[in-house]
Amino acid sequence: MGLLSIIRKQKLREKEVRVLMLGLDNSGKTTIVRSLLHKDIQEISPTMGFNIDTISYKGFNINVWDIGGQSSLRTFWFNYFERTDFLVWVLDASSLQRLVENFKEFDKVLREDRLAGCGLLILINKIDIYDGDRQKLKEAITDTLRLKELQNHSWNLLCCSAYTGENLQDGLDWLVSEYEKKYYIL
Ligand SMILES: Nc1nc2c(ncn2[C@@H]2O[C@H](COP(=O)(O)OP(=O)(O)OP(=O)(O)O)[C@@H](O)[C@H]2O)c(=O)[nH]1
Ligand SMILES: [Mg+2]
C-alpha cells in the first residue's frame, strides 16, 4: 500500500478534523461555536486567549480552535496554524466598514505556508440583522477578499446567524464533505 493511501485510510478512520476559527473581534466566533454546541449564548465576553471545543457531527470530531480577534491578540494567531484542516473566517454583516481591515488580516493569514491547501469557509455572521441584498453582499465580500484568485484552497461562503442558527449546519456539512472528498481522492 502506498504512503498516500495509508494516510488517507488513517485520516478517514480517525475522523478528527481540526478547524481554526479566526476573524476580527466581535464578529461572533465564540457565539457561533456555543450555538452549535447548544450552549448559552448570552453575555459572551471577548476571548482574551483561545477556546477549544469539540463538535461531534456525522461521526466526526470537529475540533474547533476559536482564537480572540482583538488587534492586540492577532500576533498570537500564528501560533495555531499547525495541522489545520480548515480555516473558518468569520465576518460581521453589521460591520461592513471593517471590510478592508478584514482583507488585510485575511490576506496576511493566507500567506502562511502552514495553511497551504487547507479548506476555507467564510461565514458572514449576524445575517439576522442585515436587511440588504444577500447576493450582493456575498459578491462584495468575494471581491474584497479576492476569493476567486485563491489557489490551493477550496472555499465556500455562507451567510449565517449564531442567534437563529441559520446555515450553521450547512457550514458543518460543507466541512465534512470537503474532508471526505480530500481523503478519498488522495
Ligand atoms: N445579532 C447578532 N449578534 C451576534 C451574532 N453572533 C454574535 N453576536 C453578538 O456579537 C458580539 C460578539 O460576539 P463574540 O462571539 O464574542 O465575538 P468573537 O468573534 O468571539 O469576538 P472576540 O472573541 O473578541 O474575537 C456579542 O455581543 C454577540 O452576542 C449573531 O448571529 N447575530
Ligand atoms: Mg471570542
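For the structure itself, consult the block above.
Read on for a plain summary of the structure. (Residues numbered from 1 in each chain as written. Chains lettered and ligands numbered in written order. Predicted model: local features only at pLDDT ≥ 70, side-chain atom pairs only at ≥ 80, totals over all residues. Heavy atoms only, no water.)

Looking at the pattern of salt bridges
For clarity, the threshold we go by: Basic side-chain nitrogens of Lys or Arg form a salt bridge, by our definition, when they fall within 4 Å of a carboxyl oxygen of Asp or Glu. Each helix is a run of DSSP H or I of at least 4 residues and each strand a run of E of at least 2, with the numbering of both proceeding from the N terminus. To sort residues, take the accessible area from a 1.4 Å probe on protein chains only and compare it with the maximum for the residue type: under 20% means buried, over 50% means exposed, and anything in between is partly exposed.
Applying the stated criterion across every chain yields a total of 15 salt bridges. Residues glutamate 105 and arginine 74 are paired through a salt bridge, measuring 3.1 Å at the closest nitrogen-oxygen approach. Of this pair, glutamate 105 sits in helix 3 (residues 99-110) while arginine 74 sits in the loop between strand 3 (60-67) and strand 4 (86-92); the two residues are 31 residues apart in sequence, bridging distant segments of the chain. For the pair shown, glutamate 105 and arginine 74 are each scored as buried. For aspartate 107, the salt bridge goes to arginine 111, with nearest N and O atoms at 2.9 Å. Classification of aspartate 107 as partly exposed rests on a relative accessible area of 23%. When its relative accessible area of 62% is taken as the criterion, arginine 111 is described as exposed. One network of salt bridges, in which partners are shared, links Asp25, Arg74, Arg98, Glu101, Lys104, Glu105 and Lys108.

Digging into the pairing of strand 2 (residues 50-57)
Operational definition: What makes two strands pair is DSSP finding at least two bridges between them.
Bridge count between strand 2 and strand 3: 8 bridges; the pairing is antiparallel. Bridged to asparagine 51 within strand 3 is aspartate 66. Here strand 2 folds back onto strand 3, and the loop between the two strands holds 2 residues, one of which, lysine 58, carries a positive phi near 50°.

Notes on helix 2 (residues 29-36)
One full turn of an α-helix is made of 3.6 residues, so residues set three or four places apart face in the same direction. Convention followed: The contact rule is simple, with two residues in contact once any of their heavy atoms fall within 4.5 Å.
Taken across its 8 residues, helix 2 has 7 buried, putting it largely inside the fold. All of the buried residues along helix 2 are Lys29, Thr30, Thr31, Ile32, Val33, Ser35 and Leu36. Its buried side turned inward, helix 2 meets strand 1 (16-23), strand 2, strand 3, strand 4, strand 5 (119-125) and helix 5 (168-184). Of the residues flanking the end of helix 2, it is histidine 38, one or two places downstream, whose phi is positive at about 60°.

Comments concerning the state of the cysteines
Applicable threshold: We call a pair of cysteine sulfur atoms a disulfide whenever their separation is within 2.5 Å.
Taken as a whole and assessed by the stated rule, the structure comprises 0 disulfides. Cysteine 118 forms no disulfide, and the closest cysteine sulfur to it belongs to cysteine 160, at a distance of 18 Å. The structure places no disulfide on cysteine 159, whose sulfur is separated from the nearest cysteine sulfur, that of cysteine 160, by 7.9 Å.

Some words on the site of ligand 1
Where we set the bar: We call a residue near a molecule or strand when any one of its heavy atoms sits within 4 Å of it. We call two N or O atoms a polar contact when they sit within 3.5 Å, provided that within protein one can donate a hydrogen and the other can accept it, with sequence-adjacent residues counted only if both atoms are side-chain atoms. Areas reported as accessible are Shrake-Rupley estimates using a 1.4 Å probe. Residue values count occlusion only from the protein chains shown.
Near ligand 1 you find 20 residues, and of these Lys29, Thr31, Thr47, Gly69 and Tyr163 are the closest. Measuring from an oxygen atom of ligand 1, one finds a backbone N or O atom of serine 27 at 3.3 Å. Lysine 126 places a polar side-chain atom, nitrogen or oxygen, 3.0 Å from an oxygen atom of ligand 1. Look at ligand 1: alone it shows 660 Å² of surface, and the protein chains cover 88% of it. Per element, the largest residue contribution to the shell around ligand 1 is 3 residues, and it comes from helix 2.

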